[in-house]
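Take a look at the letters that make up each chain.
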Amino acid sequence: IVRFTWNAAGLYTPTPAPPPDPNLPRCVPAAVSSKPNVINLFVVGQVGDIVRWTGNNTWTRSGLLLPLGVSPVGLVHTGLVAISPSPGIIELFAISKAGALINWSIDESGPAPIMTAVILPATGPLPDGLPAAAVVGDHIEVFAIGPPPNPLTGGALLRWRRDGNTWSGPVVIGANLAAGG
């Protein structure tokens, strides 16, 4: 893991990165800050599990809770997407190797952290790739490429929406998109 930091003047500033974690697979990492001066970095671990580094100058390594019935071995390999809809709250998303869209919610706004992990409903196994997520007003929007109707075409763009603690979707947004990450 390599870290690059620039100050307000646009000058590179050497800063400590998380300790080396040998043999990490190639993937897209996700980083988000939900509290002042604290970075949460998420990467795919050696066996496809999710590794979380928390810190800034010193770092703490931990793993993530898995949805019920999901093995940590080979869970994700393309990468992760993270957003922070409010202070102390982190929402992490990934498409599993089995084609499931997984959402981890990490709430560190209270006295003790609360973590949940759910699989969002889909119309079939999602192709390999990365979802996209955004906070829009008071809700969260997540997008992913859906399963293609046949091997020679792309899939539709799917949208999930969370209002409060309730997910809806997927809703098909007309498209014929190739998956990828």
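Residues numbered from 1 in each chain as written. Predicted model: local features only at pLDDT ≥ 70, side-chain atom pairs only at ≥ 80, totals over all residues. Heavy atoms only, no water.

J.: Any chance you could break down the overall build of the chain for me, citing the residues and the numbers?
T.: Scanning the chain from terminus to terminus reveals zero helices and twelve strands. Reading the secondary structure of the chain in the N-to-C direction produces β-β-β-β-β-β-β-β-β-β-β-β. Here the chain has a C-alpha radius of gyration of 17 Å; the compact-globule value for 181 residues is 16 Å, and the two agree. Taken over the C-alpha atoms alone, the chain extends approximately 50 × 40 × 35 Å along its principal axes. (Helix = DSSP H or I, 4+ residues; strand = E, 2+ residues; numbered from the N terminus. Rg over C-alpha atoms; globule rule 2.2 N^0.38 Å.)

J.: So what's going on with unusual backbone geometry? Residues and values would help.
T.: Of note, the bond from G169 into P170 is cis; its omega dihedral lies within 30 degrees of zero at 15°. Among the structural elements, P170 can be located in strand β12 (residues 166–177). In this model, N37 sits at a positive phi of 65°, which is unusual for a non-glycine residue. Turning to its location among the elements, N37 is positioned in the loop between β1 (30–35) and β2 (38–44).

J.: Could you give me a rundown of the side chain of N103, with the residues and numbers involved?
T.: Tracing the backbone shows N103 in strand β7 (residues 101–107). Here E91 takes part through its side chain, which lies 3.1 Å from a polar atom of the side chain of N103. A polar contact of 3.4 Å, which involves the side chain of N103, links it to the backbone oxygen of L92. (Polar contact = N/O pair within 3.5 Å; in protein donor to acceptor, adjacent residues only side chain to side chain.)

J.: Explain the nonpolar core to me, using residue names and the numbers behind them.
T.: Ranked by size, the top nonpolar core spans 17 residues in total, and within it F42, I50, L64, L80, L92 and W104 carry the most contacts. Broken down by secondary-structure element, the contributors of at least two residues to this core are β1, β2, β6 (89–95) and β7. The contact partners of I50, leaving out residues within four places of it in the chain, are F42, V43, S62, G63, L64, L75, V76, L80, L92 and W104. Judged by nonpolar contacts, the second largest core, of 13 residues, contains V81, L101, L126 and W160. (Core = buried A, V, L, I, M, F, W, Y, C linked by side-chain atoms within 4.5 Å. Buried < 20%, exposed > 50% of the residue type's maximum accessible area, 1.4 Å probe, protein only. Contact = heavy atoms within 4.5 Å.)

J.: Can you lay out the environment of D128 for me, pointing to particular residues and giving the numbers?
T.: The topology assignment puts D128 in the loop between β8 (114–120) and β9 (132–136). Relative accessible area serves as the criterion here: at 38%, D128 is assigned to the partly exposed category. Along the chain, D128 and G99 lie 29 residues apart, while their C-alpha atoms are 6.9 Å from each other. Here T78 takes part through its side chain, which lies 2.3 Å from a polar atom of the side chain of D128.

J.: Can you lay out the side chain of E91 for me, pointing to particular residues and giving the numbers?
T.: Residue position: E91 is located in strand β6. A polar atom in the side chain of E91 sits 2.6 Å from the side chain of S105. Excluding anything up to four places from it in sequence, E91 contacts V81, A82, I83, P85, N103, W104, S105, I140 and R162.

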